[in-house]
Amino acid sequence: MTSKLPVIKIKAQSNHHAMFLMLTALMLFIMILVFSQGYWRQYQLVLIFIYLTSLVIFITGLAKYLQPKYSLCLNPQGIRYQHSYGHWQVNWQQIQRIALMNESLGFIQVQLPYIGIRLKHLSTLAKQISPRLANRLIHEQRPLLAFAIQQQLISLEQSQLNFEPFQLSSGESLIGPLAAFLHHSAVLHQAFGYHLFLPETALDRELNEFCTLLKQCMQSSVEYS
């Protein structure tokens, strides 16, 4: 009988307090609704502003609540990143390097709010990421492209969306959002040396600690294989 593989489930810090925000917004709305029954004419503009504020707070809480319960799942086989637009997953054996993203701004060392993952072969990602997420990540990672352009790591032309077919190592040609994402990942690899990027908002601890955890999981995976 095979034993069940251990799983480490990561709940993103950005998803915390979702219910608190929604309940706070509802309580604020009810309080203002009661108050406005007798003072609507005197404080109309103020009350409208507070109504809108409570709506923004509720929408913020709802957006957090609708995110996947766990942003990352780590097991001896690999790592799975979960997003409201889909997921990607890679095996530890497909990863070449995991590291913090430390870049130089002149004489100053800057740590970007991501953990970089370099794959042995970018083509392996083609069947391991959902098309919706691939399309979404292109837009979410625009700040990385902007930083790369600012530091002259890539040209402005390279940062543009590339809709050309992407040729896999197997000879297969991809088109659509997956092809655009793989071109995008190749450009980021040229700029920073990594293909995948875990944002700090998806983690449950400091970047240094989480990077160490990933490396430990990768090393320990050999015992299970």
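Residues numbered from 1 in each chain as written. Predicted model: local features only at pLDDT ≥ 70, side-chain atom pairs only at ≥ 80, totals over all residues. Heavy atoms only, no water.

S.K.: Could you clarify how one ought to interpret a nonpolar patch on the surface in this entry?
M.R.: A cluster of nonpolar side chains, Met19, Leu23, Leu26, Leu62, Tyr65 and Leu66, forms an exposed patch at the surface whose accessible area comes to about 590 Å². When contributions to the nonpolar patch are tallied by element, the ones reaching two or more residues are helix H1 (18–39) and helix H2 (44–65). Among the elements that make up the nonpolar patch, the one with the highest residue count is H1 (three residues). Within the fold, methionine 19 resides in helix H1. (Patch = residues over 30% accessible without salt bridge, like charges linked within 9 Å, V, L, I, M, F, W, Y side chains within 5 Å. Areas by Shrake-Rupley, 256 points an atom, 1.4 Å probe, with all protein chains shown as cover. Salt bridge = Lys/Arg side-chain N within 4 Å of Asp/Glu carboxyl O. Helix = DSSP H or I, 4+ residues; strand = E, 2+ residues; numbered from the N terminus.)

S.K.: Help me understand the pairing of strand S5 (residues 95–105) in this model?
M.R.: Sheet faces and side chains relate simply in a regular strand, where the side chains alternate between the two faces. Where S5 and strand S6 (residues 108–119) come together, nine bridges link them in antiparallel fashion. Bridge assignment links leucine 100 to a residue of S6, and that residue is isoleucine 115. Between the antiparallel neighbours S5 and S6 lie two residues, among them glycine 106 with a positive phi of about 70 degrees. (Pairing = 2+ DSSP bridges.)

S.K.: Explanation requested: the pairing of strand S4 (residues 86–91) in the structure shown.
M.R.: Side chains Gly86, Trp88 and Val90 of S4 all project onto a buried face; the interleaved residues His87, Gln89 and Asn91 project onto a face where none is buried. With six bridges joining them, strand S3 (residues 78–83) and S4 adopt antiparallel strand pairing. Within S4, the residue paired with glutamine 82 across the bridge is histidine 87. Between the antiparallel neighbours S3 and S4 lie two residues. (Buried < 20%, exposed > 50% of the residue type's maximum accessible area, 1.4 Å probe, protein only.)

Function cannot be inferred from these measures alone, as they are strictly geometric.
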